[in-house]
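Architecture at a glance
The residues making up each chain are set out below.
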Amino acid sequence: MSAPAGRVEAKLAELGLKLPEVTPPLAAYVPAVQTGRYVYTSGQVPLVDGSLPVAGKVGSEVSPEQAKELAAVCALNALAAVKSVAGDLDRIARVVKVVGFVASAPHFTGQPGVVNGASELLGNVLGDAGVHARSAVGVSVLPIDAPVEVEIQVELRD
(Lines give C-alpha, C1' and ligand atoms only; values in the text may rest on other atoms or scores of the structure.)
Protein backbone atom coordinates (compact mmCIF):
# COMPACT_ATOMS: atom_id res chain seq x y z
CA MET A 1 0.00 0.00 0.00
CA SER A 2 1.52 3.34 -1.02
CA ALA A 3 1.57 6.38 1.21
CA PRO A 4 -0.98 9.10 0.46
CA ALA A 5 0.23 12.08 -1.53
CA GLY A 6 1.28 15.06 0.57
CA ARG A 7 0.11 18.64 0.29
CA VAL A 8 2.60 19.53 -2.48
CA GLU A 9 1.47 16.65 -4.66
CA ALA A 10 -2.16 17.51 -3.84
CA LYS A 11 -1.46 21.06 -5.07
CA LEU A 12 0.05 19.65 -8.26
CA ALA A 13 -3.11 17.59 -8.79
CA GLU A 14 -5.27 20.66 -8.14
CA LEU A 15 -3.32 22.41 -10.93
CA GLY A 16 -3.93 19.44 -13.25
CA LEU A 17 -0.33 18.25 -13.00
CA LYS A 18 1.20 14.94 -12.00
CA LEU A 19 4.72 14.36 -10.77
CA PRO A 20 6.50 12.36 -13.49
CA GLU A 21 8.83 9.44 -12.99
CA VAL A 22 12.44 10.55 -12.73
CA THR A 23 14.07 10.46 -16.15
CA PRO A 24 17.11 8.20 -16.24
CA PRO A 25 20.33 10.20 -16.72
CA LEU A 26 21.46 10.84 -20.31
CA ALA A 27 25.16 10.62 -19.30
CA ALA A 28 27.42 10.01 -16.25
CA TYR A 29 25.53 11.81 -13.45
CA VAL A 30 22.61 11.36 -11.06
CA PRO A 31 19.34 13.33 -11.21
CA ALA A 32 19.79 14.86 -7.75
CA VAL A 33 22.16 14.87 -4.78
CA GLN A 34 21.35 15.66 -1.16
CA THR A 35 24.02 17.14 1.07
CA GLY A 36 22.90 18.08 4.55
CA ARG A 37 19.62 20.02 4.29
CA TYR A 38 20.07 20.86 0.59
CA VAL A 39 19.17 19.07 -2.63
CA TYR A 40 20.83 20.03 -5.89
CA THR A 41 19.29 18.75 -9.10
CA SER A 42 21.10 18.10 -12.32
CA GLY A 43 19.86 20.09 -15.27
CA GLN A 44 16.43 18.86 -16.30
CA VAL A 45 15.34 19.02 -19.92
CA PRO A 46 11.62 19.02 -20.77
CA LEU A 47 11.19 15.30 -21.38
CA VAL A 48 7.59 14.09 -21.29
CA ASP A 49 7.16 10.33 -21.08
CA GLY A 50 10.79 9.93 -22.14
CA SER A 51 10.74 12.14 -25.20
CA LEU A 52 11.31 15.76 -26.10
CA PRO A 53 8.06 17.36 -27.32
CA VAL A 54 9.82 20.18 -29.21
CA ALA A 55 13.45 20.68 -30.24
CA GLY A 56 15.46 23.62 -31.50
CA LYS A 57 16.38 27.20 -30.69
CA VAL A 58 14.05 29.63 -28.97
CA GLY A 59 13.40 32.57 -31.26
CA SER A 60 13.58 30.43 -34.41
CA GLU A 61 12.17 26.86 -34.32
CA VAL A 62 10.58 27.29 -30.88
CA SER A 63 8.43 30.24 -29.82
CA PRO A 64 9.07 31.98 -26.50
CA GLU A 65 5.59 30.89 -25.37
CA GLN A 66 6.33 27.23 -26.15
CA ALA A 67 9.69 27.50 -24.40
CA LYS A 68 8.05 29.01 -21.29
CA GLU A 69 5.71 25.99 -21.13
CA LEU A 70 8.70 23.67 -21.56
CA ALA A 71 10.51 25.44 -18.70
CA ALA A 72 7.56 24.54 -16.48
CA VAL A 73 7.97 20.90 -17.57
CA CYS A 74 11.66 21.14 -16.61
CA ALA A 75 10.68 22.42 -13.15
CA LEU A 76 8.20 19.57 -12.73
CA ASN A 77 10.95 17.11 -13.69
CA ALA A 78 13.25 18.82 -11.17
CA LEU A 79 10.65 18.36 -8.42
CA ALA A 80 10.53 14.67 -9.28
CA ALA A 81 14.33 14.55 -8.95
CA VAL A 82 14.11 16.27 -5.54
CA LYS A 83 11.52 13.74 -4.39
CA SER A 84 13.77 10.87 -5.52
CA VAL A 85 16.33 11.80 -2.85
CA ALA A 86 14.23 13.66 -0.24
CA GLY A 87 11.40 11.11 -0.19
CA ASP A 88 8.63 13.70 0.23
CA LEU A 89 8.12 17.07 -1.44
CA ASP A 90 6.48 18.36 1.75
CA ARG A 91 10.01 18.46 3.21
CA ILE A 92 10.86 21.44 0.95
CA ALA A 93 11.40 24.46 3.20
CA ARG A 94 12.20 26.68 0.22
CA VAL A 95 13.56 26.77 -3.28
CA VAL A 96 16.88 28.56 -2.90
CA LYS A 97 18.02 28.95 -6.52
CA VAL A 98 16.83 28.25 -10.04
CA VAL A 99 19.18 28.28 -13.02
CA GLY A 100 17.64 28.21 -16.49
CA PHE A 101 19.50 27.69 -19.74
CA VAL A 102 17.75 28.70 -22.96
CA ALA A 103 19.03 27.48 -26.34
CA SER A 104 18.68 30.80 -28.13
CA ALA A 105 18.63 31.99 -31.72
CA PRO A 106 21.38 34.60 -32.21
CA HIS A 107 19.20 37.66 -31.62
CA PHE A 108 16.84 36.23 -28.97
CA THR A 109 17.10 38.12 -25.66
CA GLY A 110 13.96 36.94 -23.84
CA GLN A 111 15.59 34.29 -21.65
CA PRO A 112 14.10 35.67 -18.40
CA GLY A 113 10.57 35.37 -19.80
CA VAL A 114 11.20 31.76 -20.80
CA VAL A 115 12.58 30.78 -17.39
CA ASN A 116 9.53 32.42 -15.80
CA GLY A 117 7.75 29.19 -16.77
CA ALA A 118 9.82 27.31 -14.18
CA SER A 119 9.63 30.09 -11.59
CA GLU A 120 5.86 30.46 -11.90
CA LEU A 121 5.30 26.71 -11.60
CA LEU A 122 7.40 26.55 -8.43
CA GLY A 123 5.55 29.54 -6.96
CA ASN A 124 2.13 28.13 -7.85
CA VAL A 125 2.97 24.74 -6.33
CA LEU A 126 5.00 25.79 -3.29
CA GLY A 127 3.67 29.26 -2.47
CA ASP A 128 6.15 31.40 -0.53
CA ALA A 129 8.55 28.45 -0.33
CA GLY A 130 8.81 28.60 -4.14
CA VAL A 131 10.21 32.17 -4.20
CA HIS A 132 13.88 31.94 -5.18
CA ALA A 133 17.02 33.57 -6.53
CA ARG A 134 17.52 32.88 -10.23
CA SER A 135 19.73 33.05 -13.30
CA ALA A 136 18.46 32.85 -16.89
CA VAL A 137 21.22 32.24 -19.42
CA GLY A 138 21.18 32.07 -23.21
CA VAL A 139 23.30 29.29 -24.73
CA SER A 140 23.99 28.09 -28.27
CA VAL A 141 22.84 24.49 -27.81
CA LEU A 142 21.60 22.09 -25.11
CA PRO A 143 21.66 18.28 -24.86
CA ILE A 144 19.39 16.47 -27.35
CA ASP A 145 18.64 19.89 -28.93
CA ALA A 146 16.34 20.78 -26.01
CA PRO A 147 15.15 24.40 -26.09
CA VAL A 148 15.48 24.82 -22.32
CA GLU A 149 17.11 23.19 -19.30
CA VAL A 150 16.47 23.99 -15.63
CA GLU A 151 18.24 23.05 -12.41
CA ILE A 152 17.04 23.84 -8.89
CA GLN A 153 18.48 23.89 -5.41
CA VAL A 154 16.17 23.41 -2.44
CA GLU A 155 16.49 23.50 1.32
CA LEU A 156 14.73 20.75 3.25
CA ARG A 157 13.05 20.68 6.63
CA ASP A 158 14.05 17.91 9.00
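Located above this text is the structure these notes cover.
With that settled, consider the overall build of the protein. For the protein, the count of helices and strands is three helices and five strands. From first element to last, N terminus to C terminus, the protein shows the α and β order α-β-β-α-β-α-β-β. For 158 residues, the compact-globule estimate of 2.2 N^0.38 gives 15 Å, and the protein sits close to it at 15 Å. Its C-alpha atoms put the protein at 50 × 30 × 30 Å along the principal axes. Here the protein holds 158 residues, and 42% of them are scored as buried. Counting only contacts in the protein whose residues sit at least 6 apart along the sequence, the fraction spanning at least 24 positions is 81%. Carbon and sulfur atoms provide 54% of the accessible area of the protein, an area that totals close to 7,800 Å². Across the protein, 12 positive and 16 negative side-chain charges occur, with their mean positions spaced 6 Å apart.

Where strand β1 (residues 32-35) and strand β2 (residues 38-41) come together, four bridges link them in antiparallel fashion. Paired with Q34 across the two strands is V39, which belongs to β2. Linkage of β1 to β2, two consecutive antiparallel strands, is achieved through a turn of two residues, within which G36 is found at a positive phi near 60°.

Here E9 lies in helix α1 (residues 7-14). Within polar-contact distance, the side chain of E9 engages the side chain of K83 at 2.7 Å.

Here the focus is the side chain of Q44. With respect to the helices and strands, Q44 occurs in the loop between β2 and α2 (64-86). Classification of Q44 as buried rests on a relative accessible area of 7%. At a separation of 3.1 Å, a polar atom in the side chain of Q44 contacts the main-chain carbonyl oxygen of S42. With residues near it in sequence (within four places) discarded, Q44 still touches P31, C74, N77, A78, A81, V148, E149 and V150.

This part is about the pattern of salt bridges. Where side chains of opposite charge bring their charged atoms close, a pairing between them can arise. As enumerated under the stated definition, the model contains six salt bridges in all. Here E14 makes a salt bridge to K11, at a shortest N to O gap of 3.0 Å. A residue pair is termed a helical-turn pair when its members lie 3 or 4 positions apart in one helix, as E14 and K11 do in helix α1 at three residues. The residue D145 makes a salt bridge to K57 at a minimum N-O spacing of 3.6 Å. Pair noted here: D145 is in the loop between β4 (133-139) and β5 (148-156) and K57 is in the loop between β2 and α2, with a separation of 88 residues, a long-range link. Counted as one network, the salt bridges with shared partners bring together R37, E155 and D158.

Before going further, it helps to spend a moment on a nonpolar patch on the surface. A grouping of L26, Y29 and I144 is seen on the molecular surface, where their side chains present a nonpolar patch of about 280 Å² in accessible area. Following the sequence through the fold, L26 ends up in the loop between α1 and β1. Residue classification places L26 among the partly exposed residues on the basis of a relative accessible area of 48%.

An order of β1-β2-β5-β3-β4 is seen for the five strands of this open sheet, with the pairing classed as mixed. Each having just a single partner strand, β1 and β4 make up the two edges of the open sheet. Going from strand to strand, the sheet's axes swing by 15° on average, the running direction of each strand aside. The sheet contact formed by strand β3 (residues 92-103) and β4 spans seven bridges and is parallel. Bridge assignment links K97 to a residue of β4, and that residue is A133. Against the sheet, α2 engages β1, β2, β3 and β5, with an angle of about 40° to β5. Together, β3, β4 and β5 form the strand contacts of helix α3 (residues 111-126), whose direction differs from that of β4 by roughly 145°.

So, how was this worked out
Residues numbered from 1 in each chain as written. Predicted model: local features only at pLDDT ≥ 70, side-chain atom pairs only at ≥ 80, totals over all residues. Heavy atoms only, no water. Helix = DSSP H or I, 4+ residues; strand = E, 2+ residues; numbered from the N terminus. Rg over C-alpha atoms; globule rule 2.2 N^0.38 Å. Buried < 20%, exposed > 50% of the residue type's maximum accessible area, 1.4 Å probe, protein only. Contact = heavy atoms within 4.5 Å. Areas by Shrake-Rupley, 256 points an atom, 1.4 Å probe, with all protein chains shown as cover. Lys, Arg positive; Asp, Glu negative; His and termini not counted. Charge placed at Lys NZ, Arg CZ, Asp CG, Glu CD. Pairing = 2+ DSSP bridges. Polar contact = N/O pair within 3.5 Å; in protein donor to acceptor, adjacent residues only side chain to side chain. Salt bridge = Lys/Arg side-chain N within 4 Å of Asp/Glu carboxyl O. Patch = residues over 30% accessible without salt bridge, like charges linked within 9 Å, V, L, I, M, F, W, Y side chains within 5 Å. Axes fitted to C-alpha atoms, helices over the stretch in contact; angles between N-to-C directions.

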